[in-house]
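A look at the structure
Each chain is listed here by its residues.
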Amino acid sequence: MPSTPPSPNDLADLVAWYAEMGVDVALDEAPVDRFAAPPERPATPAPVPIDSPVSAPRPTATVAPGEDTAQQAREIAGAAQSLDELRDTLDRFEGCNLRLTATQLVFADGNPEGRVMLIGEGPGRDEDIQGLPFVGRSGQLLDRMLAAIGLDRTSVYIANVVPWRPPGNRRPTPQETAVCRPFIERQIELAAPDFLVLLGGAAASELLDSRMGILKLRGRWHEMRVGARPIRTMPTLHPAYLLRQPLHKRLAWRDFLSLKEALDGAG
């Protein structure tokens with residue numbers, strides 16, 4: 001007996017369920033059988049002679065198999081002498097598989113010479129599309145929070161611990177975060193802000209090496225040492241969390257007032 005094709009309502013419900021679960025980006029034009037045997041890898045082409053007229057391909061920041069990827073990431077990140085060089089290096093870095101499913105690298109936004117640097121966990125769908133951090137609904141709330149203390153994106157620098165969007169907006173794994181951490185640390189070191197604001201528990205616990213929840217970490221200044229320089233650091237609630245828990249906006253407001261006092265020289 002032939003099967004009945006799904007109705008338009010069934011298909012609409014399925015698409016809505018996919019969107020709710022975070023499945024909002026197609027990775028390919030056709031389904032892929034992940035259980036099938038992998039295709040044979042093509043033979044490695046012969047090296048191009050130095051005097052060959054064929055231009056060499058753009059180098060990639062690769063990591064050697066079997067070695068500590070995080071340690072190699074630290075060495076690669078440490079070699080960058082400017083933010084532009086770090087961005088280019090990160091764009092060529094092949095040690096994190098998130099780059100394979102993300103649309104593009106989300107490196108930073110704002111003014112790298114600003115006194116304040118804000119750091120979140122990682123980009124979402126809107127950020128992945130535009131290539132800039134905090135541009136969705138949570139980014140709009142962040143802009144309003146900054147404006148309330150006299151700041152905007154021309155006076156602050158914004159980045160994420162993980163610069164690629166995880167599939168379905170899932171949380172990055174500890175391994176993914178460990179590989180990306182040397183790059184955000186080098187980014188902080190090169191930007192050299194006077195103050196850090198860590199947006200959300202994931203960024204705060206990772207960069208402060210703390211197991212405390214964000215509600216216990218926030219509300220007081222910490223010290224994060226990057227290179228040889230200590231930086232005053234304020235963990236606070238992530239704007240996305242505040243959209244879900246609007247009653248906690250008052251807590252974030254207190255944190256931003258502390259930042260304003262520090263910028264004014266009173267904190």
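On to the overall build of the protein. A count of helical and extended segments in the protein gives 11 helices and six strands. Evaluated residue by residue, the protein yields a buried proportion of 40% over its 267 residues. Pairs at least 24 residues apart make up 73% of the contacts formed inside the protein by residues separated by at least 6 positions. Put simply, the protein shows about 15,900 Å² of open surface, and 53% of that area lies on carbon and sulfur atoms.

Moving on, we get to helix H3 (residues 83-92). Each full turn of the α-helix corresponds to 3.6 residues, which orients residues three or four apart in the same direction. Taken as a whole, H3 has its buried residues at Leu83, Leu86, Thr89, Leu90 and Arg92. Residues of H3 that are buried make contact with helix H2 (69-78), helix H4 (98-101), strand S3 (156-160) and helix H7 (174-191).

So, about the nonpolar core. Core analysis: the biggest nonpolar cluster contains 60 residues, and Phe93, Met117, Leu118, Ile119, Trp164 and Ile188 have the highest contact counts within it. The residues contacting Met117, other than those within four sequence positions of it, are Tyr157, Ala159, Ile184, Gln187, Ile188, Ala191, Pro193, Phe195, Leu196 and Val197.

Next up on the list: the packing of aromatic side chains. For the structure on display, the rule yields two aromatic pairs. Aromatic side chains Phe93 and Phe183 sit 4.9 Å apart centroid to centroid with 55 degrees between the ring planes, which places their arrangement in the tilted category. You can see Phe93 sitting in the loop between H3 and H4 and its partner Phe183 sitting in helix H7, a full 90 residues away along the chain. Both residues of the pair, Phe93 and Phe183, belong to the buried class. Ring plane angle 50 degrees and centroid distance 5.6 Å describe the contact between Phe195 and Trp221, whose orientation is recorded as tilted. Of this pair, Phe195 sits in strand S4 (residues 195-199) while Trp221 sits in the loop between helix H9 (214-217) and strand S5 (222-226), placing them 26 residues apart in sequence. Its relative accessible area of 5% is what places Phe195 among the buried residues. Positioned above the aromatic ring of Trp221, the side-chain terminus of Arg232 is 4.5 Å from the ring centre.

Time to look at the confidence of the model for the protein. In this model, the protein carries an average pLDDT of 87, and 76% of its residues clear a pLDDT of 70 or more. Confidence over residues 52-57 falls short of pLDDT 50; this stretch has one contact with residues more than four positions distant or in other chains.

Glancing now at the sheet that holds strand S6 (residues 229-236). Spatial ordering of the open sheet is given by S1-S3-S2-S4-S6-S5, a layout of six strands whose pairing is mixed. Lying at the two open borders of the sheet, with one neighbouring strand each, are strand S1 (109-110) and S5. As paired strands, strand S2 (residues 116-120) and S3 are joined by five bridges and run parallel to one another. If you follow Leu118 over to S3, its bridge partner there is Ile158. Seen against the sheet, helix H11 (residues 249-263) touches S2, S4 and S6 and runs at an angle of roughly 150 degrees to S6.

Take empty space enclosed by the protein next. Scanning all chains against the criterion turns up one cavity of 30 Å³ or more. What the largest cavity holds in volume is close to 30 Å³. Every residue along the wall of the largest cavity is listed here: Leu90, Phe107, Asn160, Val161, Pro163, Cys180, Phe183, Ile184 and Gln187. Ranked by residues supplied to the lining of the largest cavity, first place goes to H7 with four residues. Partitioning the lining of the largest cavity into residue classes produces seven nonpolar, two polar and no charged.

Turning to helix H6 (residues 137-148), a few remarks are in order. Over its 12 residues, H6 extends 17 Å from the first C-alpha to the last, a length consistent with the 16 Å expected when each residue adds 1.5 Å. Among all positions of H6, only Ser138, Gly139, Leu141, Leu142, Met145 and Leu146 are buried. Projected down its long axis, H6 shows its buried positions confined to an angular sector of 160 degrees, all on one face. Among the exposed residues of H6, those oriented more than 90 degrees off its buried face are Arg137, Arg144 and Ala147. Next to the buried residues of H6 lie S2, S3, S4, helix H10 (239-244) and H11. A positive phi of about 80 degrees marks Gly150, the residue just after H6.

In this section: the layout of surface pockets. If a probe as big as a water molecule is rolled over the atoms, it shows which places are left empty. Estimates place the volume of the largest pocket at around 940 Å³. Forming the boundary of the largest pocket are 32 residues, of which Ser138, Asn169, His238, Ala240 and Arg244 lie nearest the centre. Among the secondary structure elements, those contributing two or more residues to the lining of the largest pocket are helix H5 (125-130), H6, helix H8 (201-207), H9 and H10. Broken down by element, the residue count for the lining of the largest pocket peaks at four residues, all from H10. Along the lines of polarity and charge, the residues of the lining of the largest pocket split into 13 nonpolar, 10 polar and nine charged.

Definitions and cut-offs
Residues numbered from 1 in each chain as written. Predicted model: local features only at pLDDT ≥ 70, side-chain atom pairs only at ≥ 80, totals over all residues. Heavy atoms only, no water. Helix = DSSP H or I, 4+ residues; strand = E, 2+ residues; numbered from the N terminus. Buried < 20%, exposed > 50% of the residue type's maximum accessible area, 1.4 Å probe, protein only. Contact = heavy atoms within 4.5 Å. Areas by Shrake-Rupley, 256 points an atom, 1.4 Å probe, with all protein chains shown as cover. Core = buried A, V, L, I, M, F, W, Y, C linked by side-chain atoms within 4.5 Å. Phe/Tyr/Trp six-rings, centres within 6.5 Å; stacked < 30°, edge-to-face > 60°. Lys NZ or Arg CZ within 6 Å of the ring centre and 35° of its normal. pLDDT = per-residue confidence, 0-100. Pairing = 2+ DSSP bridges. Axes fitted to C-alpha atoms, helices over the stretch in contact; angles between N-to-C directions. 1 Å grid on protein atoms, 1.4 Å probe; cavity = no way out; pocket = protein on both sides within 12 Å on 5 of 7 lines; lining within 4 Å. Points joined across faces, edges and corners; volume = space filled by probe spheres on them. Nonpolar A, V, L, I, M, F, W, Y, C, P; charged D, E, K, R; others polar. Expected span 1.5 Å × (residues − 1). Arc of directions from axis to C-beta.

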